[in-house]
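Here is what each chain is made of, one letter per residue.
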Amino acid sequence: MSKTIVLTGAGGVLCSTLAEALAKKGHNVAVLDLRKEAADKVAEDITKLGGKAIGVEANVLEKDSLIKAKQEVNNAFGKCDILVNGAGGNHPLGTTSNPFFQMEDLNNTTEGFKSFFDLDAKGIEFTFNLNFLGTLLPTQIFAKDMVGRDGCSILNISSMNAFTPLTKIPAYSGAKAAVSNFTQWLAVHFSKVGIRVNALAPGFFLTDQNRSLLTKEDGSLTQRGQQIIDQTPMGRYGEPEDLVGTTLWLCSDASKFVTGVVVPIDGGFAAYSGV
Ligand code: NAD
């Protein structure tokens, strides 16, 4: 049955792929993003392929913007059945330069160097807001359409770093741990009114946000990039398409007794101790 599916951050790499895949299954897709042109482009591409999609400008951190977006979605397609909370990301001011603190870090005055003691509250706040509040606020707005109706669900995008934090990115790891925790909380909270709540925990996918950290200009891997591949039993980065199967499953009635799960899609990264 065709559903109306709202995806936030869907002008981006991973969720635009999910939007296309869901549209191919015959669903109405609302592509929400802070960047209106990016959202429109994704919607246009879907429409060209014969799917039903609209691009909608929305800031996941502003309720008024989300209320306006919901109105646009409702006018175009009716009530929202499924929400994919995809907007998220990290901030450089919440990231340390080194994976391990060293004595000499205390006196490192190199421009741009950040030890734990240099982490900036603003960068940490940005990251927690975007990932956690940016999941909670759209849910408050769009889940109102779902209460008491059959076949409705929410899919959050957490990360494999929510299970075990990655070095250098305490804010992003903590914020995604909050998203996983909230997924379980909300699954329980909405369990009596027919809304299932689950999450994906993607491993490493090469995207614009992390490309320069993981690959050099000639395309070869940085030290961190190689470390990731060595820690990934399946020996490669993820491709956006790797998220599609689990998304279709969690957004369909095939998973109708599944709620509160966070599914790692990481080539075995989270399962591997390294030995
Ligand atoms: P991306 O940067 O390509 O896409 C994120 C999108 O969110 C962008 O289009 C951006 O414009 C939009 N956005 C940013 N702030 C927004 C706001 N306030 N309101 C609305 N939209 C906003 O990133 P991606 O790699 O496609 O990531 C998608 C999701 O997957 C994120 O939640 C990310 O944290 C998560 N994730 C990514 C990876 C990875 O390896 N790329 C791994 C695990 C989890």
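The model shown is predicted, which means the values in this text are computed figures rather than measured ones.

Visitor: What is the right way to read the pattern of salt bridges from this model?
Guide: Between side chains of opposite charge, a pair can form when the charged atoms approach closely. Under the defined criterion, the tally for this structure stands at nine salt bridges. Asp-253 serves as the salt-bridge partner of Lys-3, at 3.8 Å between the closest nitrogen and oxygen. With Lys-3 in the segment before β1 (4–8) and Asp-253 in the loop between α8 (244–250) and β7 (262–265), this pair connects stretches of sequence that are 250 residues apart. Exposure remark for Lys-3: the relative accessible area of 7% places this residue in the buried category.

Visitor: It is not clear to me how the site of the ligand should be interpreted in this structure. Could you clarify?
Guide: Taken together, 29 residues form the shell around the ligand, and within it Leu-14, Asp-33, Arg-35, Tyr-172 and Gln-209 come nearest. Take Leu-34: an N or O atom from its main chain is 3.2 Å from a nitrogen atom of the ligand. Within the backbone of Val-60, a nitrogen or oxygen atom sits 3.0 Å from a nitrogen atom of the ligand. Burial of the ligand by the protein amounts to 90% of the accessible area it has alone, namely 830 Å². Contributions of two or more residues to the shell around the ligand are made by α1 (13–24), α4 (121–142) and α5 (170–189).

Visitor: What am I meant to see in the packing of α4 against α5 here?
Guide: Relative orientation and spacing of two packed helices are given, respectively, by the angle between their axes and the distance between those axes. Direction vectors running N to C along α4 and α5 enclose 20°, while the axes themselves pass 8 Å from each other. Regarding the angle of α4 to α5, the classification is roughly parallel. Once α4 is placed against α5, the crossing between them reads as right-handed. Residue-level contacts link Ile-124, Thr-127, Phe-128, Asn-131, Phe-132, Thr-135, Leu-136 and Thr-139 of α4 to Ala-171, Tyr-172, Gly-174, Ala-175, Lys-176, Ala-178, Val-179, Phe-182 and Leu-186 of α5. Each residue belonging to the contact of α4 with α5 can be placed in one class, and the counts come to eleven nonpolar, five polar and one charged.

Visitor: What exactly am I supposed to notice about unusual backbone geometry here?
Guide: With the exception of glycine, most residues fall at negative phi, and the peptide bonds are largely trans. We note that Lys-168 has phi near 75°; this positive angle belongs to a residue other than glycine. Locating Lys-168 in the fold gives a position in the loop between β5 (152–157) and α5. Overall, the relative accessible area of 21% leaves Lys-168 in the partly exposed class.

Visitor: Would you mind going over a nonpolar patch on the surface with me for this structure?
Guide: Together, Phe-101, Met-103, Leu-106, Phe-116 and Phe-117 make up a nonpolar patch on the protein surface, roughly 620 Å² of accessible area in all. Along the polypeptide, Phe-116 turns up in the loop between β4 (82–85) and α4. For Phe-116, a relative accessible area of 54% puts it in the exposed group.

Visitor: Teacher, can you tell me more about the environment of Pro-240 here?
Guide: Secondary-structure assignment places Pro-240 in the loop between α7 (223–231) and α8. Residues Pro-240 and Asn-129, spaced 111 residues apart in sequence, show a C-alpha to C-alpha distance of 24 Å. In contact with Pro-240, not counting residues within four places along its chain, are Val-13, Leu-14, Thr-17 and Phe-205.

Visitor: Sorry, what's going on with the pairing of β4 here?
Guide: The two faces of a sheet get side chains in turn, since along a regular strand they alternate between them. Alternating positions in β4 separate into two faces, Ile-82 and Val-84 on one and Leu-83 and Asn-85 on the other, with burial throughout. Where β1 and β4 come together, four bridges link them in parallel fashion. Residue Leu-7 lies in a different strand from β4, and its bridge partner there is Val-84. Relative to β5, β4 runs parallel, the two being bridged by four bridges. Across the sheet, residue Leu-83 finds its bridge partner in β5, namely Ile-154. Since β4 and β5 lie parallel, the crossover through α4 that links them has a hand, and here it is right-handed.

Visitor: Explanation requested: the packing of aromatic side chains in the structure shown.
Guide: In this description, a pair of aromatic rings is defined by centroid distance and the angle of the planes. Considering all chains together, one arrives at five aromatic pairs under this definition. With a centroid separation of 5.5 Å and 85° between ring planes, the pair formed by Phe-101 and Phe-117 is classed as edge-to-face. In this pair, Phe-101 is assigned in the loop between β4 and α4 and Phe-117 in the loop between β4 and α4, connecting sequence segments 16 residues apart. Overall, the relative accessible area of 58% leaves Phe-117 in the exposed class. Among the aromatic side chains, those forming a connected cluster through ring pairs are Phe-101, Phe-116 and Phe-117.

Cut-off values and rules
Residues numbered from 1 in each chain as written. Predicted model: local features only at pLDDT ≥ 70, side-chain atom pairs only at ≥ 80, totals over all residues. Heavy atoms only, no water. Salt bridge = Lys/Arg side-chain N within 4 Å of Asp/Glu carboxyl O. Helix = DSSP H or I, 4+ residues; strand = E, 2+ residues; numbered from the N terminus. Buried < 20%, exposed > 50% of the residue type's maximum accessible area, 1.4 Å probe, protein only. Near = heavy atom within 4 Å. Polar contact = N/O pair within 3.5 Å; in protein donor to acceptor, adjacent residues only side chain to side chain. Areas by Shrake-Rupley, 256 points an atom, 1.4 Å probe, with all protein chains shown as cover. Axes fitted to C-alpha atoms, helices over the stretch in contact; angles between N-to-C directions. Parallel < 35°, antiparallel > 145°, perpendicular 65-115°, else oblique. Left-handed = near helix turned anticlockwise from the far one by under 90°. Contact = heavy atoms within 4.5 Å. Nonpolar A, V, L, I, M, F, W, Y, C, P; charged D, E, K, R; others polar. Patch = residues over 30% accessible without salt bridge, like charges linked within 9 Å, V, L, I, M, F, W, Y side chains within 5 Å. Pairing = 2+ DSSP bridges. Right-handed = clockwise from strand over helix to strand, strands pointing away. Phe/Tyr/Trp six-rings, centres within 6.5 Å; stacked < 30°, edge-to-face > 60°.

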